[in-house]
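A closer look at the structure
The lines below spell out each chain.
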Amino acid sequence: MSAQPKVKVRRLSIHYRDKTAVKNLDLDIAERQVLALIGPSGCGKSTFLRALNRMNDLIPGARQEGEVLLDGQDINGREIDVVDLRRRVGMVFQKSNPFPKSIFENVAFGLRIAGLRDKAELTARVEASLHHAALWDEVKDRLAESALSLSGGQQQRLCIARALAIEPEVVLMDEPASALDPLSTAKIEELMHELKSRYTIVIVTHNMQQAARVSDQTAFFYMGELIEVGSTAHLFTNPGVKRTEDYVTGKFG
Amino acid sequence: MTTHTDRAYERDLNNLRERLLVMGKRVQAMIAESVLALTARDSKLAEHVLKSDLAVNRLELEIDDLCRKIIALRQPAASDLRLITTAVKIVTDLERVGDLAVNIAERATDLNKAEPLPSYDDLPRLAELAQSQLRNALESFVKRDVVQAERVLTSDDFLDALFVKLFNELLQLMMEESKTIRRATSLLFVAKHLERIGDHATNVAEMVIYLVKGTDVRHPTSRTGG
């Protein structure tokens, strides 16, 4: 990778009151690639993911040391507007969480907040986002219907469309397909391959085959530490660290 | 050594390793018998080699089937994945060694019907070398011993040199006495089969290095970086 990393993480530690969730972590996230974070429950991967758009700010008792640099700029710096940061670094959650509004309004929501009033442009941006989320063909004739009438897989893609509408640079995904059936999962995974030409994607997943299928780089976390990071193909065929080997082969006792 | 949390998976992998060893032992015995059938002029042994080949073929099918099942049902990764790909490759080498032993046994049966040729000491030596190469390759697989596997790769040169020497000896014999041509040609085939067995042993050893280290040492000159 010759290009500058999109995100640079330096000596990052995150504590919840007396517990250290992430320990002194250094990691570069390449632009327009998919990075998968894997590791057992409680290993710190979701905490790390949330540190990338300051979602941990919302957790009482959470403290942080070290730096997260987005395009070289410290996202925890005083001059950073956290709303603006979360516009640049969007997030999709495990459980799809559409607003109880129409399909159209769900995707338009962030754009309206950002001050977009022009009806024609709003419509164009909503349509483009639904296309990017591979949902347009399924919903184009029912945009006024409630988002809650969609299937689980469609709702998750709607949430992705909503995240994409405000044109983020980085998309964080926390177990985006864990509650979906195989076909919906395949659609989300296919979508990730498409999206990485435009966005930098970081995904947390418990499904190792999913990590193997969708990501370019994989990082393995264990007990708050980054044990190993490398190309996904390498990590799943010939990991360098025994702990990684044990995890990807299912040898955790 | 850590074991898989899923014990049924652990059993599948152990079963695979065990079946490979059974097959390896079986083909080693076939080589020994086929060569003895020749040197001791015992065609009964040759017949036994043909019977063993059926069992070896069954083992090949069984191991391939087991590998396919593990891939489909377990999605193996890392060293498990390397074990499966190694198994799929070396099972083919072992099956080919079995076929070569059959070819030697057939030549032996043929030769045993004719007058024996003057003694040819290098042939049993070549046979011993080929057998020890395969034995060491299989042992390196069991012990996951890269050093032993690498020794198999370098030792192949001895086998090749001995084959060339034997080739020249037999050629000399044929030039001196034309009535030996038929039998000497048969022996030449036997020698060639033994040399090929050595090549299969090196294939196995190369896969053992891949299995343990994750680096593919085959065809170094054809390698394109990455």
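Residues numbered from 1 in each chain as written. Chains lettered and ligands numbered in written order. Predicted model: local features only at pLDDT ≥ 70, side-chain atom pairs only at ≥ 80, totals over all residues. Heavy atoms only, no water.

Another point: the overall build of chain A. Check the secondary structure of chain A and you find ten helices and ten strands. Taking 253 residues into account, the globule formula puts the C-alpha radius of gyration at 18 Å, and chain A, at 18 Å, falls close to it. Viewed in the frame of its principal axes, chain A has a C-alpha envelope of about 55 × 45 × 40 Å. Each of the 253 residues in chain A was classed as buried or not, and the buried ones make up 52%. Across chain A, every contact between residues at least 6 apart in sequence was considered, and the portion connecting residues at least 24 apart equals 65%. If you sum the accessible surface of chain A, you get close to 11,500 Å²; carbon and sulfur atoms cover 51% of it. When the 33 positive and 33 negative side-chain charges of chain A are each reduced to one mean point, those points stand 4 Å apart. (Helix = DSSP H or I, 4+ residues; strand = E, 2+ residues; numbered from the N terminus. Rg over C-alpha atoms; globule rule 2.2 N^0.38 Å. Buried < 20%, exposed > 50% of the residue type's maximum accessible area, 1.4 Å probe, protein only. Contact = heavy atoms within 4.5 Å. Areas by Shrake-Rupley, 256 points an atom, 1.4 Å probe, with all protein chains shown as cover. Lys, Arg positive; Asp, Glu negative; His and termini not counted. Charge placed at Lys NZ, Arg CZ, Asp CG, Glu CD.)

Right, let's talk about the nonpolar core for a bit. Leu16(B), Leu123(B), Leu126(B), Leu134(B), Leu194(B) and Ile197(B) are the most contacted members of the largest nonpolar core, which has 68 residues in total. Looking at this core, the elements that each hand over two or more residues are helix H1 (7-39), helix H2 (43-74), helix H3 (78-112), helix H4 (122-143), helix H5 (146-176) and helix H6 (181-213) of chain B. Counting residues per element, this core draws most heavily on H6(B), which supplies 15 residues. Beyond its immediate chain neighbours, meaning those up to four positions away, Leu194(B) contacts Ile31(B), Val35(B), Ile104(B), Leu123(B), Leu126(B), Ala127(B), Ala130(B) and Leu159(B). Residues Phe104(A), Leu116(A), Phe220(A) and Ala77(B) belong to the second largest nonpolar core, which totals 49 residues. (Core = buried A, V, L, I, M, F, W, Y, C linked by side-chain atoms within 4.5 Å.)

Our next topic: the sheet that holds strand S8 (residues 200-204) of chain A. All names here are of chain A. Reading across from one edge, S6-S7-S8-S3-S9-S10 is the order of the six strands in this open sheet, with mixed pairing throughout. Because the sheet does not close on itself, it has two edges, and the strands there are strand S6 (89-92) and strand S10 (225-231). With direction set aside, neighbouring strand axes in the sheet form an average angle of 20°. Pairing analysis gives four bridges linking strand S3 (residues 34-38) to S8, with the strands arranged parallel. If you follow Leu 35 over to S8, its bridge partner there is Val 202. (Pairing = 2+ DSSP bridges. Axes fitted to C-alpha atoms, helices over the stretch in contact; angles between N-to-C directions.)

Let's shift gears to the confidence of the model for chain A. Taken over all residues, the pLDDT of chain A has a mean of 94, while the share at 70 or more is 99%. Looking at the elements of chain A, mean pLDDT is at its lowest for helix H7 (residues 182-195) of chain A, recorded as 90, and at its highest for S3(A), recorded as 98. (pLDDT = per-residue confidence, 0-100.)

What follows concerns the packing of H1(B) against H6(B). All names here are of chain B. Interhelical geometry of H1 versus H6 gives an angle of 160° and a closest axis separation of 13 Å. Between H1 and H6, the angle falls in the class roughly antiparallel. Relative to H6, H1 is oriented so that their crossing is left-handed. Seen from H1, the contacting residues are Ile 31, Val 35 and Leu 38; seen from H6, they are Leu 187, Val 190, Leu 194 and Ile 197. Along the lines of polarity and charge, the residues of the contact of H1 with H6 split into seven nonpolar, no polar and no charged. (Parallel < 35°, antiparallel > 145°, perpendicular 65-115°, else oblique. Left-handed = near helix turned anticlockwise from the far one by under 90°. Nonpolar A, V, L, I, M, F, W, Y, C, P; charged D, E, K, R; others polar.)

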